[in-house]
Amino acid sequence: MTAVQPTKRDQIVDELRRRILSGDLARGERMPQDDLARQFGASITPVREALRQLEAEGLVISEPHRGVRVSGVDLDEVTATYVVRRLTEAYAMRRATSRVSRRDLARARRLLEADRSDPAVARDLNREFHFLFYERCGMPALAERIAGNWRAFPWDLMLSSPRRAEESHREHLDILAAVEDGDADRAGDATEVHLRHGFSAILEQLTGRAGPDPFDVDADID
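The name that an unreviewed UniProt entry assigns to the protein chain is GntR family transcriptional regulator, with the source organism given as Actinomycetospora aeridis.

Asks: Hey, could you run me through the overall build of the protein chain in this one?
Replies: Helix and strand counts for the protein chain come out as 10 helices and 2 strands. Secondary structure elements of the protein chain occur, N-terminal to C-terminal, as α-α-α-β-β-α-α-α-α-α-α-α. Taking 17 Å as the expected radius of gyration for a compact globule of 222 residues, we find that the protein chain reaches 19 Å, a close match to that expectation. In terms of its C-alpha atoms, the protein chain occupies a principal-axis envelope of roughly 55 × 55 × 30 Å. The 222 residues of the protein chain split such that 41% are buried.

Asks: Would you mind showing me how to read the side chain of arginine 17 here?
Replies: As for its placement among the helices and strands, arginine 17 is situated in helix H1 (residues 8-22). By relative accessible area, arginine 17 is classed as buried at 14%. Here arginine 17 is in contact with Leu54, Glu57, Leu59 and Arg151, once residues within four sequence places are set aside.

Asks: It is not clear to me how unusual backbone geometry should be interpreted in this structure. Could you clarify?
Replies: Negative phi values dominate among residues other than glycine, just as trans dominates among peptide bonds. The phi angle at histidine 65 is positive, at roughly 65°, despite the residue not being glycine. Here histidine 65 is to be found in the loop between strand E1 (60-63) and strand E2 (67-70).

Asks: Just to check I follow, could you spell out the pattern of salt bridges for this structure?
Replies: Proximity of charged atoms lets side chains of opposite charge pair with each other. Per the counting criterion, the structure on display carries 23 salt bridges. The closest approach of N and O atoms between glutamate 15 and arginine 19, which form a salt bridge, is 2.9 Å. Of this pair, glutamate 15 and arginine 19 both sit in helix H1, 4 residues apart, roughly one helical turn. Salt-bridge contacts for glutamate 192 lead to arginine 94; the nearest nitrogen and oxygen are separated by 3.5 Å. Remark: arginine 94 occurs in helix H4 (residues 75-97) and glutamate 192 occurs in helix H10 (residues 184-207); sequence separation between them is 98 residues. Using a relative accessible area of 17% as the deciding quantity, one classes glutamate 192 as buried. Its relative accessible area of 24% is what places arginine 94 among the partly exposed residues.

Asks: Looking at this structure, how should I read the UniProt feature "domain: HTH gntR-type" (unreviewed entry) in the protein chain?
Replies: The sites that UniProt annotates as "domain: HTH gntR-type" (unreviewed entry) are residues 6-73. Strand forms 12% of residues 6-73 and helix 53%; the C-alpha atoms that close the span are 29 Å apart.

Asks: It is not clear to me how the nonpolar core should be interpreted in this structure. Could you clarify?
Replies: If you look at the biggest cluster of nonpolar residues, it comprises 54 residues, and the most contacted ones within it are Leu16, Met31, Leu51, Phe129 and Phe133. The residues contacting phenylalanine 133, other than those within four sequence positions of it, are Met93, Ala96, Val100, Leu105, Ala108, Leu176 and Val179.

Asks: Looking at this structure, I do not really get the pairing of E1. What am I missing?
Replies: Put simply, side chains in a regular strand alternate between the two faces of the sheet. The sheet contact formed by E1 and E2 spans 4 bridges and is antiparallel. The residue of E2 that forms the bridge with serine 62 is valine 68. What sits between E1 and E2 in their antiparallel hairpin is a turn of 3 residues, with histidine 65 showing a positive phi close to 65°.

Asks: Help me out: how do you make sense of helix H6 (residues 119-134) in this one?
Replies: Note that an α-helix has 3.6 residues per turn; residues three or four places apart therefore point the same way. With 16 residues, H6 should cover 22 Å at 1.5 Å per step; its first-to-last C-alpha distance of 22 Å lies within 8% of that length. All of the buried residues along H6 are Ala122, Arg123, Leu125, Asn126, Phe129, His130, Phe131, Leu132, Phe133 and Tyr134.

Asks: Explanation requested: the confidence of the model for the protein chain in the structure shown.
Replies: Per-residue confidence for the protein chain averages 90 on the pLDDT scale, and 96% of its residues sit at or above 70. Mean pLDDT per element in the protein chain: helix H8 (residues 156-159) is the minimum at 70, and helix H5 (residues 102-113) is the maximum at 98.

Asks: Could you clarify how one ought to interpret the environment of arginine 69 in this entry?
Replies: Locating arginine 69 in the fold gives a position in strand E2. Separated by 146 residues in the primary sequence, arginine 69 and phenylalanine 215 have C-alpha atoms spaced 31 Å apart. In this view, arginine 69 contacts Gly28, Glu29, Arg30, Met31, Val60, Ile61 and Glu63; residues no more than four positions away in its chain are not counted.

Parameters and conventions
- Residues numbered from 1 in each chain as written.
- Predicted model: local features only at pLDDT ≥ 70, side-chain atom pairs only at ≥ 80, totals over all residues.
- Heavy atoms only, no water.
- Helix = DSSP H or I, 4+ residues; strand = E, 2+ residues; numbered from the N terminus.
- Rg over C-alpha atoms; globule rule 2.2 N^0.38 Å.
- Buried < 20%, exposed > 50% of the residue type's maximum accessible area, 1.4 Å probe, protein only.
- Contact = heavy atoms within 4.5 Å.
- Salt bridge = Lys/Arg side-chain N within 4 Å of Asp/Glu carboxyl O.
- UniProt positions renumbered as here; feature names shortened; annotations may be inferred.
- Core = buried A, V, L, I, M, F, W, Y, C linked by side-chain atoms within 4.5 Å.
- Pairing = 2+ DSSP bridges.
- Expected span 1.5 Å × (residues − 1).
- pLDDT = per-residue confidence, 0-100.

Below you can see the structure in the form of structure tokens.
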């Protein structure tokens, strides 16, 4: 069966999304359509369609008479996405624990041992590690919903921190150890800790303080 080739629009979407989430395109940076068309060797039509898709994902903003720019970070939106991620990803990890194979676990171990010195490579390895489990949770639609939340998350604010990268790696090891032991609750709990620390790092970068954990039902979020 012949694989479906990505359209020019899809290629542009993927590359611009990568640039935004890696920080190559700064928050607030202008994205002139003519310049993008020249960069990608494309007409305006696939560029315009790609920007519409990125706008639907919340990564860019189209302003009348001013063009398109990379979105800023809306703390309320990031907070809501974090809460949904805590609920869905910990659940998916608990389900995946009994469904992964030894081959899957060996692959996860290799991903954690790979060189992460390049932030863009680190981001890709991070995604591959998590979705190796999420895609084996036995609920494809849930994995797809989680993927949508990932597309809206400001990864560029986390990848720039070497300290957070080291913490994240240790947390990945904790998650993998729990899955290797077949302990679904521990795997889910380790995933929640990982997500909480990631959100805290973003919150501190945006506001200068760690703040309360919005997943705590008693926490007041300003």
